[in-house]
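So the chains spell out like this:
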Amino acid sequence: MLEPAQENPFPDSHVLGEGPEPHPQLQPVLGLIGRWHGRGSGEYPTLEHGFRYEQEITFSHDGRPFLCYESRAWLIDDSGTALRPAGRETGWWRILPDASVEVTLAHPTGIVETYVGRVSGTEIEMATDTVGLTPRAKEVTGMTRRYTLRDGELTIVQEMAAVGQPMQHHLQARLSPRKD
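Quick look at the structure, then.

1. Let's talk about the sheet that holds strand β7 (residues 123-133)
Here is step 1 of the chain: Read around the barrel, 10 strands follow the order β1-β2-β3-β4-β5-β6-β7-β8-β9-β10 and close on themselves; strand pairing throughout is antiparallel. Each adjacent strand pair in this sheet contributes to an overall mean axis angle of 25°, direction not counted.
Here is step 2 of the chain: Looking at chain direction, strand β3 (residues 66-76) and strand β4 (residues 82-95) are connected through 10 bridges and run antiparallel. The partner of Phe66 across the bridge, within β4, is Arg94.

In structure tokens form, the structure reads like this:
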């Protein structure tokens, strides 16, 4: 017979000062740790119309030199009413001693991306190194992302090359820390 499982002794923390001490290599990205919520807009030439969305992002850690990342978004109308679920992704941000970043993200739509980039002050820039697709996933050939922390706000700008289109603007969002 199996003995009862114990509670996880190494939980993630998304609140600085609670849980494990952040690894020293996380120093350049400590400002990201937490829960973020805000609104954004998107467009792409293959879409008939642009769109608006809300997004929640959580960055957490367990004391090792990487962040656990989860993002959920949903489409909203002009009045801010939620319409339906939209983008969702989860992954890991590995922070290296030289402030470079290696990121792995997986999407439920059959896309897996690896990014390489760098932390420079309050800005993180990254571009895809590889994009893996399942047989029926939409063709995505590359992405870039820029995360900027300024005055307590997280701004995210994404460019995408997909479905035969060259790299170009796709998403932009502004998020604030979520208190909970």
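2. Looking at the nonpolar core
Here is step 1 of the chain: Within the largest apolar cluster, 36 residues are counted, with the highest numbers of intra-cluster contacts made by Phe59, Trp93 and Ile124.
Here is step 2 of the chain: Discounting chain neighbours no more than four positions away, the residues touching Phe59 are Ser13, His14, Leu32, Ile33, Gly34, Trp36, Leu67, Cys68, Tyr69, Trp93 and Leu154.

3. With respect to the pattern of salt bridges
Here is step 1 of the chain: Under the criterion given, the structure shown has 10 salt bridges.
Here is step 2 of the chain: We note a salt bridge from Arg145 to Glu113, for which the minimum N-O separation is 3.6 Å. Of this pair, Arg145 sits in strand β8 (residues 140-150) while Glu113 is found in strand β6 (residues 111-120), placing the two residues 32 residues apart along the sequence.
Here is step 3 of the chain: Accessibility expressed as a relative area gives 3% for Arg145, which makes it buried.
Here is step 4 of the chain: Here the residues in one salt-bridge network are Glu89, Glu113 and Arg145, joined through shared partners.

Rules used throughout
- Residues numbered from 1 in each chain as written.
- Predicted model: local features only at pLDDT ≥ 70, side-chain atom pairs only at ≥ 80, totals over all residues.
- Heavy atoms only, no water.
- Pairing = 2+ DSSP bridges.
- Helix = DSSP H or I, 4+ residues; strand = E, 2+ residues; numbered from the N terminus.
- Axes fitted to C-alpha atoms, helices over the stretch in contact; angles between N-to-C directions.
- Core = buried A, V, L, I, M, F, W, Y, C linked by side-chain atoms within 4.5 Å.
- Buried < 20%, exposed > 50% of the residue type's maximum accessible area, 1.4 Å probe, protein only.
- Contact = heavy atoms within 4.5 Å.
- Salt bridge = Lys/Arg side-chain N within 4 Å of Asp/Glu carboxyl O.

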